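# Fold and geometry: a report
Okay, here's what each chain looks like letter by letter:
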Amino acid sequence: MRITCPLCGERDRREFTYRGAALDAPAADDGAEAWHSHVHLRQNPAGPLEEWWHHQQGCGSWIRVRRDTVSHVMLASALAKPEDADGGSA
Amino acid sequence: MSVKGAQTQSAPLRSWDWKAWRIAVRLNGTIRPAGTDALGVVMRFSGWRVLREGLSGNRGWGPHWRDPDPKAEYDAVIIGGGGHGLATAYYLAKDHGMTNIAVLERGYLGGGNVGRNTTIVRANYYLPGNSEFYSHSLKLWEGLEQDLNYNAMMSQRGILNVFHNDAQRDAAVRRANAIINQGDDAEILTRAQLRDMVPQLNYDGNRFPIQGALLQRRAGTARHDAVAWGFARAADLRGVDLIQNCEVTGIRTEGGRVTGVETGRGTIRAKTVAMAAAGRSSQVAALAGLTLPIESYVLQAFVTEGLKPIIDHVITFAEGHLYISQSDKGGLVFGSYLDLYASYAARGNLPMVEHTMEACMAMMPAIGKAKLLRGWGGIMDMTPDGSPIIDRTPIEGLYLNAGWCYGGFKATPASGQCYAHLIATGRPHDAAAGFRLDRFETGRGLMDEEATGAQHNLH
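These remarks concern the structure in this document. Residue numbers run consecutively from 1 along every chain, following the written order of its sequence. Whichever chain is written first becomes A and whichever ligand is written first becomes 1, with later ones labelled in order. This being a predicted model, a pLDDT of at least 70 is required before a residue's local features are given, and a value of 80 or more before pairs of side-chain atoms are given or counted; all residues contribute to the totals for chains, interfaces and linings. Remark: hydrogens and water are excluded; side-chain values derive from all non-hydrogen atoms of the structure.

Let's shift gears to helix 9 (residues 350-363) of chain B. Residue and element names in this part refer to chain B. Taking 1.5 Å per residue, 14 residues should reach 20 Å; helix 9 reaches 20 Å between its end C-alpha atoms and fits that length. All of the buried residues along helix 9 are Met 352, Val 353, Thr 356, Ala 359, Cys 360 and Met 363. Viewed end-on, helix 9 has its buried residues packed into an arc of 125°, placing them on one side of the element. A run of H or I in DSSP counts as a helix once it spans at least four residues, and a run of E counts as a strand once it spans at least two, with each numbered from the N terminus. Take the number of residues in a helix, subtract one, and multiply by 1.5 Å to get its expected span. Relative accessibility under 20% of the residue-type maximum defines a buried residue, over 50% an exposed one, and the middle range a partly exposed one, all with a 1.4 Å probe and only protein chains included. The arc in question is the one spanned by the directions pointing from the helix axis to the C-beta atoms.

The structure is reproduced here in structure tokens:
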């Protein structure tokens, strides 16, 4: 499996660290149920999944990847935006 | 749902067990029932029978279970014909007298994770909740072959968890004490004792010198396929319908309670529906509108060509992580960590293959020339705390058995028995009372064996 970094191109999976599903975080005062759902519950699709990868041993970018969890095919990849900093997977 | 009260122990089937004989005849009419001989007598496996069949051309062996069409209604249906689903069916029938039940399997019996693991059986967990459960499971394993009348090749060859430094030794001692406190066996071996027992390890490697091991003698391996087959045959003999090629495509509910399932072979009504589809738990639960605290990851396993006996135990290596044993065919069976990303591909990627081989070479350079025959992946239901779930769901009559992470095989008999107990009596079995679905929401009773925190992607 190779992962496409928007800056560096297609790179070896070893260069990346996995963060998990890309989810919108609840607001700080959204209550326990919303946070339980965010931290623990997952749609866990067998198919396309939006997820975070960190190009830790490359350019250091956080990357939002759309990847098929059945075939491991990379479907899309984009740099994280500044507003994602609050919305990353907990 | 017929409930015969709390779990009862009944004797295993005998060759002249008339109850089983009647079930077999009733279910099969005039056709010779699976698992019975020409006179309709239940065929027990025995040394005598192997001899008799050997002398008569092996013409007396029949199918081990029937292949029935689904009925329109059952008292209970179990989704998933893997080890846990089949064990659940068996214990529902044996302990609770529930025989009007069906196991629905999308593919073929035992074609999922029960046939894709590294076959290790052990009871060396240490947190409350897990500890008593795996202890219970190991006791069931010890009587399983007699109970099922099936050769599961249970081999209590012992597991050795080697350690490399003081911190790991302290952790091993702590774990050993916990295991002894739960009533099971554990010993700490010094380097010299271990070397005497297993001389072929790399004791003086510069990076990972071996300082000793935690030994559990009652641990070992079992033939994984035969475990599924044994439970399948024993459940079938008690009247359970095992229905293959029957994918569940919908779970029907009415007013907050379950009424049945839609399948590729028609609608089946049931007031009790029990999910046991680890590896695909999220998809099955989604049919009932449930979202689970589970992410699916792939875990690889490998086997080499057959070798002369070189590893007599199950051995685990603490640095880099490796668990290895030698099958009765001679192949070395081993694995390491998960591929740490969400995946439903029943195969992994090369970085973890490389890592696993490096761990083999670090622990036991002598096996470096062995040829690798096969590698494969199993899909792991990963929960945030790395421990499983056996519980009710918010939907009345719908039960959940999921989240076995990378430890489902050793749990098979206890998972089935505890799940059956919950389904039949409405109360959790004492050994599995900690496996609650709500522990992630409440934070109470988390079982985080690795102490990494109860979050996804950390186990």
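Side-chain pairing between opposite charges can occur once the charged atoms of the two side chains come close. Counted as salt bridges are all cases of a side-chain nitrogen of Lys or Arg within 4 Å of a carboxyl oxygen of Asp or Glu. All told, the structure shown has 28 salt bridges over all chains when counted by the stated rule. We note a salt bridge from Arg 11 of chain A to Glu 15 of chain A, for which the minimum N-O separation is 2.8 Å. We note a salt bridge from Arg 191 of chain B to Asp 204 of chain B, for which the minimum N-O separation is 2.4 Å. With Arg 191 of chain B in helix 6 (residues 191-197) and Asp 204 of chain B in the loop between helix 6 and strand 6 (212-216), the pair connects residues that are 13 residues apart, well separated along the chain. Owing to a relative accessible area of 26%, Arg 191 of chain B belongs among the partly exposed residues under this scheme. Several salt bridges share partner residues, and in doing so they unite Glu 142, Asp 184, Asp 185 and Arg 218 of chain B into one network.

Attention now goes to the packing of helix 3 (residues 83-96) of chain B against helix 10 (residues 408-425) of chain B. All names here are of chain B. Interaxial angles span 0 to 180 degrees and are taken between N-to-C directions of axes, which are lines fitted to C-alpha atoms, for helices over the stretch in contact. Where helix 3 contacts helix 10, the axes come no closer than 7 Å and their chain directions differ by 45°. Comparing their axes, helix 10 and helix 3 come out oblique. Read as a crossing pair, helix 3 and helix 10 show a hand that is right-handed. For classification purposes, an angle smaller than 35 degrees is called roughly parallel, one larger than 145 roughly antiparallel, one from 65 to 115 roughly perpendicular, and anything else oblique. Working rule for handedness: look at the near helix, and if it is turned counterclockwise from the far one by less than a right angle, call the crossing left-handed; if clockwise, right-handed.

Turning our eyes to something else, we now look at helix 3 of chain B. Residue and element names in this part refer to chain B. Between its terminal C-alpha atoms helix 3 stretches 19 Å, which fits the 20 Å expected from 14 residues at 1.5 Å a residue. Among the 14 residues that make up helix 3, 14 are buried, leaving the element largely enclosed by the rest of the structure. Of the residues trailing helix 3, Gly 97 is marked for its positive phi of about 65°.

Residues and elements named next belong to chain B. Empty space within the second largest pocket amounts to approximately 570 Å³. Note on definitions: the grid is 1 Å and covers protein atoms alone; a cavity is a set of points where a 1.4 Å probe fits but cannot get out; a pocket is an open set with protein on both sides within 12 Å along at least five of seven lines; lining residues have an atom within 4 Å of a point. Around the second largest pocket, the lining comprises 25 residues; the ones closest to its centre are Arg 223, His 224, Ser 327, Lys 329 and Val 333. Secondary structure elements with two or more residues in the lining of the second largest pocket: helix 7 (224-237), strand 13 (295-306), strand 15 (322-326), strand 16 (331-342) and strand 17 (372-382). Of the residues forming the lining of the second largest pocket, the biggest block, four residues, is contributed by strand 13. Under the convention adopted here, Pro, Cys and the residues Ala, Val, Leu, Ile, Met, Phe, Trp and Tyr are nonpolar, Asp, Glu, Lys and Arg are charged, and Gly plus all remaining residues are polar. Here the lining of the second largest pocket is composed, by residue class, of six nonpolar, 12 polar and seven charged. Grid points are joined across faces, edges and corners, and a volume is the space filled by probe spheres set on the points.

Every contact between the two is made by 25 residues of chain A and, on the other side, 28 residues of chain B. Once two parts are brought into contact, the accessible area they lose, counted with a 1.4 Å probe and summed over both, makes up the buried area. A combined buried area of about 2200 Å² lies between chain A and chain B, and 49% of that area is made up of carbon and sulfur atoms. Put simply, chain A and chain B have two salt bridges between them. Between Glu 354 of chain B and Arg 14 of chain A there is a salt bridge, and its shortest N-O distance comes to 2.5 Å. For this analysis, a polar contact is any N or O atom pair within 3.5 Å, provided that within protein one partner can donate a hydrogen and the other can accept it, and provided that sequence-adjacent residues contribute only side-chain to side-chain pairs. Inspection of the region where chain A meets chain B yields 17 residue pairs in polar contact (both at pLDDT 80 or more). We call two residues in contact when some of their heavy atoms are within 4.5 Å.

To qualify as a nonpolar core, a set must consist of buried Ala, Val, Leu, Ile, Met, Phe, Trp, Tyr and Cys residues joined through side-chain atoms within 4.5 Å. The biggest cluster of nonpolar side chains holds 85 residues, and the ones touching the most others in it are Phe 133, Ile 251 and Met 275 of chain B. Broken down by element, the residue count for this core peaks at nine residues, all from helix 10 of chain B. Setting aside its immediate chain neighbours within four residues, Met 275 of chain B contacts Ile 79, Ile 251, Val 284, Ala 285, Leu 290, Thr 393, Leu 398, Tyr 399, Leu 400, Asn 401 and Tyr 419 of chain B. Counting 26 residues, the second largest nonpolar core, distinct from the first, contains Trp 53 of chain A together with Tyr 297, Ala 342 and Cys 405 of chain B.

All names here are of chain A. For two strands to be treated as a pair, DSSP must find no fewer than two bridges joining them. Alignment of strand 5 (residues 62-68) against strand 6 (residues 74-79), held across five bridges, turns out to be antiparallel. Across the sheet, the residue bridging to Arg 64 is Ala 78, located in strand 6. Where strand 5 folds back onto strand 6 in an antiparallel hairpin, the turn is made up of five residues, including His 72, whose phi is positive at roughly 65°.

What follows covers the packing of helix 7 of chain B against helix 10 of chain B. Residue and element names in this part refer to chain B. Two elements in contact, helix 7 and helix 10, have axes separated by 11 Å at closest approach and are oriented at 20°. Classified by the angle their axes make, helix 7 and helix 10 are roughly parallel. Here the hand of the crossing between helix 7 and helix 10 comes out left-handed. For the pair helix 7 and helix 10, contact is made by His 224, Val 227 and Phe 231 and by Phe 409, Thr 412 and Pro 413, respectively. Residues that form the contact of helix 7 with helix 10 fall into these classes: four nonpolar, two polar and no charged.

A few words now on a nonpolar patch on the surface. A grouping of Trp 48, Leu 51 and Leu 55 of chain B is seen on the molecular surface, where their side chains present a nonpolar patch of about 410 Å² in accessible area. The exposure class assigned to Leu 51 of chain B is partly exposed, which follows from its relative accessible area of 48%. Like charges are joined within 9 Å and nonpolar side chains (Val, Leu, Ile, Met, Phe, Trp, Tyr) within 5 Å, but only among residues with over 30% relative accessible area and no salt bridge; these make up the patches. Each accessible area is a Shrake-Rupley result for a 1.4 Å probe, and residues are judged covered by the shown protein chains and nothing else.

Right, let's talk about the environment of Phe 16 of chain A for a bit. Residues and elements named next belong to chain A. Along the chain, Phe 16 falls in the loop between strand 2 (9-12) and strand 3 (17-21). For the pair Phe 16 and Leu 75, spaced 59 residues apart in the sequence, the C-alpha separation amounts to 17 Å. Excluding its chain neighbours within four sequence positions, the residues that come into contact with Phe 16 are Ile 3, Cys 5, Arg 11, Trp 53, His 54, His 55, Gln 56 and Ile 63.

The subject of this paragraph is the environment of Glu 132 of chain B. All names here are of chain B. Of note, Glu 132 is situated in helix 4 (residues 130-148). Note: C-alpha distance between Glu 132 and His 164 (32 residues apart in sequence) is 28 Å. Apart from the residues lying within four places of it in its own chain, the contact partners of Glu 132 are Asp 430 and Ala 431. Reaching out from Glu 132, the side chain makes a polar contact with the backbone nitrogen of Gly 129 at a distance of 2.9 Å.

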